[in-house]
Amino acid sequence: MVEITRRTVFKAGAASAFLTAGGPGTAALAAGGPAGEGLEQRAMAMDPPVFLLESAVPPHFTASSGSTLSIGDQVAVCGTRSLRWEHASRDVITVRAPLRWAPDPYRLGDDQAWQGLVDAFCVWVHNAEPVDDVLRFEFGRGERTDLWFEFRLGFSGWRTAWVRYAYDMHGRPHPDMDTLRIIAPRRAGTLHLDQLMLNVPLRPDAPCRDHQLPGIAPEGDEYDNQHWQALHRFDRLLATVEPDASPPTAEELASLRALHTRYHDEYLIAQVKPDVPGLTAQVAALEGRPTHAYQAQIYPVEIAAELKAFVNPVTLRACTDLMKTLAQAHQAAPADRPTLAALYLRMVAHLREQGWTKGSCQGTIHHLGYDVRGLYDSVYLMRDALREAGEFERVRADLEWLSGLGRIFRGFGFRMARGSMMDLYNTTVRGMLAAVLLRDGEAGQVAYLRALRDWLNATLLPTDGIQDGIKPDGTAFHHVGFFPDYVRDGFSGLAPLVYVLHGGSFAISAQAYGWLRKALLMQRVYANKNHWPISISGRNPSGATALSIVPFEWLAPIDDEIAAAFLRLLPGNPTQRQKELAARLAARGITPEPAPSGAWALNYAALAVQRRDEWQVTVRGHNRYLWSTEIYVGANWYGRYNTYGQIQVLHRGSPVTNQDSGYAQPGWDWNRRPGTTVIHKPLEKLKGDLTGAIEEMLLTDSRFAGACTIDGRNSMFAMDLHGHPKYDGSHRARKSAFLFDDRVVALGTGITNDDTADETETTLFQTRLPARTTPTVVDGTAVTAFPHEHLDGGPRWLLDDKGIGYYLASGQKVALTRSAQTSRNNATEEPTGGDFATAWIRHGTAPRDGTYEYAMVVNATAERMAGFADAMGDAARAPYRVLRADTAAHVVRDRDTGITGYAVFERTRLEGLVREVDTPSMLLVREEGETLVLAVCDPDLRLYGGIDHDQYEKGRYVGHYSPWSRPWLASPSHPHRLRVTLDGHWRADAGQPCRARVTGPHTVLEFETAHGRPLQVHLKPAT
């Protein structure tokens, strides 16, 4: 038999994916079948072996004289059988096989993205009766013991041990270890073991400590995933810390009773027609099957698919979703309540047998909240039935454990205290509220509600640095970066609870609600109408991700502005509940808001947003604080260039993926994102390299990327682009985009890199054609040929099929193709194809100080573009003028708005009104009679000064570390004094955010900047 090794396919970072439970099993893999036996034999032949313990006691196993080993069908979590061990006191099973332990570079608290893999031991243990004793596991060389750990047996049912050799065991591992000894507890009895894996390469942040293994993985309490992994710590806090127990006031008691009613009547119950026979069949189908969340991630990749099918688990989510359905049916159908209660109790017993209960983490509890929301929402509805069955106390304890209720006592004084807060809002806060409302007595409920309210208030305040949470500009973070998908889900989970808590003693504070409101309303600014631009899609560039109307729906009854937004966002086919709410709002005189119109600088996202009518333009970058993109195994493989200055127009509130946008993933060339300046790589070279990594979230060393606005109507974006040394460290460009009403002027200078094999390009557009004959207009001629290729032209203007016009300054090599493009899916890497029209500016290979200049016009026509191009030939009529474009500054004046924009990349002297700027920054200036309106923005968040020394080697930036490990992760934005020198004498009245000082023929303005926030002043002539 060919030997199978256990590390073959982990080279490319396969361990970064948390594997989900497998689908239905197959007859060929049924217990005892030929394929099942073959799988067991191949698993046992691996090096080191994996023991499925299905058909026979492996020859590697021997037992002391007082023990009996057999394969029994009484209980199992892998197949239908497990190893039955009838033992006397302190009997021993000895397993002889090379353990193949090898050292690894991981250290406790390492950078989360670069943890690699560690060697771990994994086994399932079934205990029929709890006992105050331990099962001891010893690892060594022959009779010599090198390592050991103890597994507590105070439980009944199945439990799992995932224990890392070098980090969680007592002693010191040795590469020559070849023996495992399992030592029974003091009492004689019977235990079952299943799926014993001597050595599994595991993500080091996967194991979680619990009641069986309280000493393992202590650093899990500090990771961003501590919100799930620290259940043991939260449990200890719940047992030892008491909330404020002062007697409830009359107002608090009244609020509590109103809260119970609202929670039950408006949040939990649903109008359902129970199908009792169908629900009975569903319960029967789930009983007796292993129940997994992420337990399959330990499966060796070589046999993972077969092993998942063989184990044939049901997902934990399927179980808890069914429990919620049963609970809602129990409320809706009084006549069927005895039957439905019995079914619910069967599910309770099933979960307890499978180990999803108080004190257990089942190896890993990662992403728990997503899988147990149904349980959280069902226990309150079933409380009376549980009491009648004598199960209430135990199930309530399970709920408190699984929701981590004790977290309300931990505070926020540790590094990752804000980690994954959006996950908590989405999944877990509902469980915490349920646990509080199920505590004994109104006084106890009031005490814990106070604590929960105060904890929620703290979580909604703006967070410093790149910690997760809401930011001062209304963006919100997850995975230490701007990530709207998670914010959407977080607010969708939180908003119903904010509604339930509102209007009484336990409502969140006005300050906390204000920040939630700001962040929620900001979502409908950077979405258009519902969908995000691709540049803010995180690791999911499907084009389908969008905001949710759910939080607007829940908060509309208590907030008129959110109500008006809700009415605008109503889908074309609203639900009955949405129709009824809309009618109530209309009766209150609330009307749909107009689509947001204006300009926004969101510099915690390095994002410019400009909107008019129903269209939106966004420009996005990245800098030394904000990761460029997030790449996972199976997600966003080709996302490298997502924030290289991408410009996207979303039309008329339509989805990203329909014909009004032009974006479509099938056939999309991931190198050619509109507005970006990149090195065009073959896909196999563009693909993210996750060797040794869990994920990729690269940071540049460039400080400068962000946006500025003036009058809340017009804006600009600028970026000092520096590619990451992992891929393209020589690639540099200084980019700007000036957004004047419906026009965008885009400039690039200093385009330089050393790549002699691949061309550097700035993409104008890439648009999916609804039909091959759909024209692209070139200098007034409609090109309908397909395929069509023109690679060396210099057209004056183009008009794509989405109504976006492009004016091209002379002297540029502009390429246009209309072709059937081939690409790969961002997640599966499967080949894709589609018909596209694509245009780009060619900078050649290894460019030196390359440049570009073009303008975009939204909702253009061929006639308008012809007139625009003609006007650009006449200085007196030109829509815009480029006053300067070099590596130090880009300066553009717009004719219609009278605004002059300055992108200042380095301290430099200028000509005209603005003479000098001492800090890389952006300025927008316009005259208003004798008054000068000036907006300035230093987009540098200034979370740290100088350089991040860990990211340098021998004075050269290498950028090895991800944002997770940065010492400045929780640092505040430090204020900075920015000085602008203007020609002439100017003064600033009191209340203006600057100081003006006349110096000779000039005026020096001093601004204190922070948070990348634009500052606007009105200046008057100084007399």
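The structure we're discussing is the one just above.
Within each chain, residue numbers correspond to sequence positions counted from 1 in written order. Per-residue local features of the predicted model are confined to residues with pLDDT of at least 70, and side-chain atom pairs are confined, for both listing and counting, to 80 or more; whole-chain, interface and lining totals are unaffected and use all residues. The basis for every side-chain value is the complete set of non-hydrogen atoms in the structure, without hydrogens or water.

Draft legend 1. Up close: the packing of helix H6 (residues 276-286) against helix H9 (residues 337-354). What counts as an axis is a line fitted to C-alpha atoms, over the stretch in contact for a helix, and the angles between N-to-C directions run from 0 to 180 degrees. Helix and strand definitions follow DSSP, with helices as H or I runs of at least four residues and strands as E runs of at least two, each counted in order from the N terminus. At their nearest, the axes of H6 and H9 sit 10 Å apart, and the two run at 15 degrees to each other. In terms of axis orientation, H6 runs roughly parallel to H9. Two packed elements cross with a definite hand, and for H6 against H9 that hand is left-handed. For the pair formed by H6 and H9, the contact residues are Val276, Leu279, Thr280, Val283, Ala284 and Leu286 on the first element and Thr339, Leu340, Leu343, Arg346, Met347 and His350 on the second. When an angle is under 35 degrees it counts as roughly parallel; over 145 it counts as roughly antiparallel; between 65 and 115 it counts as roughly perpendicular; any other value is oblique. By convention, the crossing between two helices is left-handed when the near helix turns anticlockwise from the far helix through less than a right angle, and right-handed when the turn is clockwise. Contact between two residues is taken to exist if any of their heavy atoms lie within 4.5 Å; hydrogens are not considered.

Draft legend 2. Main features of the sheet that holds strand E16 (residues 476-478). A pair of strands is considered paired only if DSSP assigns at least 2 bridges between the two. The strand order across the open sheet built from three strands is E15-E16-E17, with neighbouring strands paired in antiparallel fashion. Of all the strands in the sheet, the pair left with one neighbour each is strand E15 (469-470) and strand E17 (481-482). Where E15 and E16 come together, two bridges link them in antiparallel fashion. Bridge pairing in E16 links isoleucine 470 to alanine 476.

Draft legend 3. Quick peek at the packing of helix H5 (residues 250-268) against helix H15 (residues 442-459). Running from N to C, H5 and H15 cross one another at 90 degrees; their axes reach a closest spacing of 10 Å. As the angle between them shows, H5 and H15 are arranged roughly perpendicular. The residues of H15 that touch H5, namely those facing Glu252, Leu253, Leu256, Arg257, Leu259 and His260, are Glu442, Gln445, Val446, Leu449 and Arg450.

Draft legend 4. Here's a closer look at the pairing of strand E6 (residues 118-127). For every residue, the accessible area (1.4 Å probe, protein chains only) is compared with the maximum for its type, and the residue is labelled buried under 20%, exposed over 50%, or partly exposed between those bounds. By the criterion of burial, E6 is predominantly enclosed, with 10 of the 10 residues buried. Pairing of E6 with strand E12 (residues 189-202) involves eight bridges; the strand directions are antiparallel. If you follow tryptophan 124 over to E12, its bridge partner there is aspartate 194. Looking at chain direction, E6 and strand E9 (residues 157-164) are connected through eight bridges and run antiparallel. Along E9, the bridge assignment pairs valine 123 with alanine 161.

Draft legend 5. Up close: the packing of aromatic side chains. In this analysis, rings of Phe, Tyr and Trp, with Trp reduced to its six-membered ring, are considered paired at centre separations within 6.5 Å, and the interplanar angle assigns stacked below 30 degrees, edge-to-face beyond 60, and tilted for intermediate values. Under the criterion given, the structure shown has 35 aromatic pairs. Between tryptophan 124 and tryptophan 158, the ring centres sit 6.3 Å apart and the planes meet at 80 degrees, which makes this aromatic pair edge-to-face. With a gap of 34 residues between them, tryptophan 124 in strand E6 and tryptophan 158 in strand E9 connect regions that are remote in the sequence. On the accessibility criterion, tryptophan 158 (1% relative accessible area) is buried. Ring geometry for tyrosine 263 versus tyrosine 267: centroids 5.7 Å apart, planes at 25 degrees, classification stacked. Of this pair, tyrosine 263 and tyrosine 267 both sit in helix H5, four residues apart, which is roughly one turn of the helix. For tyrosine 267, a relative accessible area of 14% puts it in the buried group. Members of the aromatic cluster, connected to one another through ring pairs, are Phe121, Phe137, Phe139, Phe149 and Tyr165. Directly above the aromatic system of tyrosine 944 lies the positively charged group of arginine 624, at a separation of 3.8 Å from the ring centroid. Sitting over a ring, as applied to charges here, requires NZ of Lys or CZ of Arg to be within 6 Å of the ring centre and within 35 degrees of the ring normal. Taking NZ or CZ as reference, arginine 640 lies 3.9 Å from the ring centre of tyrosine 727, over its face.

Draft legend 6. Representation of the pattern of salt bridges in the model. By definition, a salt bridge exists where a carboxyl oxygen of Asp or Glu is found within 4 Å of a side-chain nitrogen of Lys or Arg. Taken as a whole and assessed by the stated rule, the structure comprises 81 salt bridges. Among the salt bridges present, the one from arginine 233 reaches glutamate 222, with a minimum N-O distance of 3.4 Å. Separated by 11 residues along the polypeptide, arginine 233 in helix H4 (residues 231-240) and glutamate 222 in the loop between E12 and helix H3 (226-229) bring together distant segments of the chain. Look at glutamate 222 and you get partly exposed, because its relative accessible area is 33%.

Draft legend 7. Seen up close, unusual backbone geometry. Following aspartate 47, the chain continues to proline 48 via a peptide bond in cis, the omega torsion being 0 degrees. Positioned with a positive phi, histidine 479 is a non-glycine residue whose angle comes to about 55 degrees. You can see histidine 479 is positioned in the loop between E16 and E17.

Draft legend 8. The arrangement of the side chain of glutamine 766 in detail. On the secondary structure map, glutamine 766 appears in strand E27 (residues 759-768). Identification of polar contacts relies on pairs of N or O atoms within 3.5 Å, with a donor-acceptor requirement for protein atoms, meaning one able to donate a hydrogen and the other able to accept it, and with residues adjacent in sequence counted only if both atoms are side-chain atoms. A distance of 2.7 Å separates a polar atom in the side chain of glutamine 766 from the backbone nitrogen of aspartate 669. Here the side chain of glutamine 766 touches glutamine 821 through a polar contact of 2.9 Å, side chain to side chain. The residues touching glutamine 766, leaving out its near neighbours within four places in the chain, are Gly662, Gly667, Trp668, Asp669, Arg672, Pro674, Gln821, Phe836, Ala837 and Thr838.

Draft legend 9. Empty space enclosed by the protein, seen in detail. For cavity detection a 1 Å grid was placed over the protein atoms alone, and a set of points counts as a cavity when a 1.4 Å probe fits there but cannot get out; an open set counts as a pocket when protein lies on both sides within 12 Å along at least five of seven lines, with lining residues being those that have an atom within 4 Å of a point. Grid points are joined across faces, edges and corners, and a volume is the space filled by probe spheres set on the points. Using the criterion set out here, one finds 11 cavities of 30 Å³ or more in the structure. Considering only enclosed or pocket space, the largest cavity measures out at about 220 Å³ in volume. Looking at the largest cavity, it is lined by 21 residues, and the ones nearest its centre are Gln648, Val649, Ser661, Pro674 and Gln766. Looking at the lining of the largest cavity, the elements that each hand over two or more residues are strand E21 (646-650) and E27. Polar here means any residue outside two lists: the nonpolar Ala, Val, Leu, Ile, Met, Phe, Trp, Tyr, Cys and Pro, and the charged Asp, Glu, Lys and Arg; Gly therefore counts as polar. Taken together, the residues of the lining of the largest cavity break down into 11 nonpolar, seven polar and three charged.

Draft legend 10. Structural context of the sheet that holds strand E7 (residues 134-141). With antiparallel pairing, six strands are arranged side by side in an open sheet as E2-E5-E11-E7-E8-E10. At either margin of the open sheet sits one strand with a lone partner, and together these are strand E2 (61-63) and strand E10 (170-171).

Draft legend 11. Broad picture of the pairing of E7. In terms of burial, E7 is a largely internal element, seven of the eight residues being buried. With eight bridges joining them, E7 and strand E8 (residues 144-152) adopt antiparallel strand pairing. Looking at the pairing, arginine 136 lines up with glutamate 150 of E8. Adjacent in sequence and paired antiparallel, E7 and E8 are bridged by two residues, among which glycine 142 carries a positive phi angle near 60 degrees. Two elements, E7 and strand E11 (residues 179-183), share five bridges in a ladder whose sense is antiparallel. If you follow phenylalanine 137 over to E11, its bridge partner there is isoleucine 182.

By themselves, these are just geometric observations and shouldn't be taken as functional.
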